[in-house]
Amino acid sequence: MVRLVDVEHGGIPGVIGVFVLDGPEPALVDCGPTSSVEGLRRGLKEIELELTDVRHLLLTHIHPDHAGAAGELVRCHPGLQVHVHEIGAPHVVDPTRLLKSAARIYGDSFTPLFGTIAPVPEENVHVLSSRVLDLDVLPVPGHAYHQVAFIDDEGVAYPGDAVGCLWGEGEFLYPAAAAPEIDMPAWEHALDELEDRDLKLFRIPHFGEVPDVERHLHRTRERLGVWRDLVEGGATVDEFAAVCWRDLRAEGTVHDEEVFPTLPFPSFEMSYIGLKRYYDKARETAERGDE
Ligand SMILES: [Zn+2]
């Protein structure tokens, strides 16, 4: 049985979810940030589990909203086994670089939003191969180099942020693109690979179950296409953000800045910077090739 625990990040429901794969050795897919460990514990209790009942933590990627709590969880429960892509593994063991990169992106808002990132002892860390706990492990880079999707034998996928985020009540699909390692062709390819798998359900951390896989993949591509046109067309950060806010409102997502000023995170401005960096670099490489 699979259950969804809402860690109620920042006290808000529907922002960060953790899927609990129940069985003789319960496993979590992602764990949320350190700032919502209490929410995770509370959510586990509601489904009659203690943290110490959980045996495995499967990380889709190591961004702080997905994996930030791993070190704190292992500190509280040293039997917890953490499974992560080989590129992510060293940064889970020593989060110094991860913290630096997060600080560059989030600045002063990082700690209030996510808390700290504690290291995971090396002996608890396992590098993912092509299968883990009866799940296929499919690399889905693009949003992050080291992101993977876990896919069960029934066609249910846990793709992390590879297919974007859906927050709140509305339909606005946000393929957050803030990281310095945004790679658009890799992202497109990851979407192709997911499409080829004939999946029947996505379970996404932001947030919940998405039964119409085909439509969702189409919408992810569509949004990334709109963004590409904006950024390549020379839109400024303000123009980019304005389009995002317009689309968000048009699709019925309620955003109450008083309640949660940091949602969406990373902000549209941060995604713009990630995309701009990617497209500037791609253009420079192409120009060098022409010379
Ligand atoms: Zn992410």
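This text gives an overview of the structure that appears in the document. For clarity, every value in this text was computed on a predicted model and none was experimentally measured.

Regarding the nonpolar core
- Core analysis: the largest hydrophobic core is formed by 84 residues, its most contacted members being L40, L44, L194, F202, W227 and L275.
- The next biggest cluster of nonpolar side chains, apart from the first, holds 14 residues, and it includes L128, L135, V137 and F150.

Here's the deal with the packing of aromatic side chains
- Across all of its chains, the model carries 12 aromatic pairs by this definition.
- Seen in terms of ring centroids, Y106 and F114 are 5.1 Å apart; in terms of plane orientation they differ by 85°. Their pairing is edge-to-face. Residue Y106 shares its accessibility class with F114, and that shared class is buried.
- Taking 6.4 Å as the distance between ring centres and 25° as the angle between the ring planes, the aromatic pair formed by F172 and Y174 counts as stacked. In this structure, F172 and Y174 share a single accessibility class: buried.
- Ring pairs connect the aromatic residues F172, Y174, W227, F240, W245, F268 and Y272, which therefore count as one cluster.

Comments concerning the coordination of the zinc ion
- The zinc ion binds to the protein through H61 (NE2), H63 (ND1), H143 (NE2) and D161 (OD); the donor distances cover 2.1 to 2.6 Å.
- Classification of the site at the zinc ion rests on its four donor atoms, whose angles at the metal span 87 to 170°, yielding the label irregular.
- Sequence spacing of the donor residues for the zinc ion, all on one chain, is H-x1-H-x79-H-x17-D. Residue H63 is found in the loop between β4 (56–58) and α2 (64–67), and its partner D161 is found in the loop between β10 (156–158) and β11 (165–166); the two are separated by 98 residues along the sequence. Neither H63 nor D161 differs from the other in exposure class; each is buried.

Things to note about the pairing of strand β2 (residues 17–21)
- Burial of β2 is extensive: five of the five residues sit out of reach of the surface.
- Every second residue of β2 is oriented toward a common face, with G17, F19 and L21 on one face and V18 and V20 on the other, all of them buried.
- Pairing of strand β1 (residues 2–6) with β2 involves five bridges; the strand directions are antiparallel. Bridging from a neighbouring strand, V2 pairs with L21 of β2.
- Alignment of β2 against strand β3 (residues 27–29), held across three bridges, turns out to be antiparallel. Its bridge partner being in β3, L21 is matched across the sheet by A27.
- Connecting β2 to the next strand, β3, in antiparallel fashion are five residues, including G23 with a positive phi near 155°.

About the thresholds
- Residues numbered from 1 in each chain as written.
- Predicted model: local features only at pLDDT ≥ 70, side-chain atom pairs only at ≥ 80, totals over all residues.
- Heavy atoms only, no water.
- Core = buried A, V, L, I, M, F, W, Y, C linked by side-chain atoms within 4.5 Å.
- Buried < 20%, exposed > 50% of the residue type's maximum accessible area, 1.4 Å probe, protein only.
- Phe/Tyr/Trp six-rings, centres within 6.5 Å; stacked < 30°, edge-to-face > 60°.
- Donors = N, O, S within 2.8 Å, 3.2 Å for Na, K, Ca; no water.
- Tetrahedral: all angles 85-135°; square planar, octahedral: opposite > 155°, others 65-115°.
- Helix = DSSP H or I, 4+ residues; strand = E, 2+ residues; numbered from the N terminus.
- Pairing = 2+ DSSP bridges.

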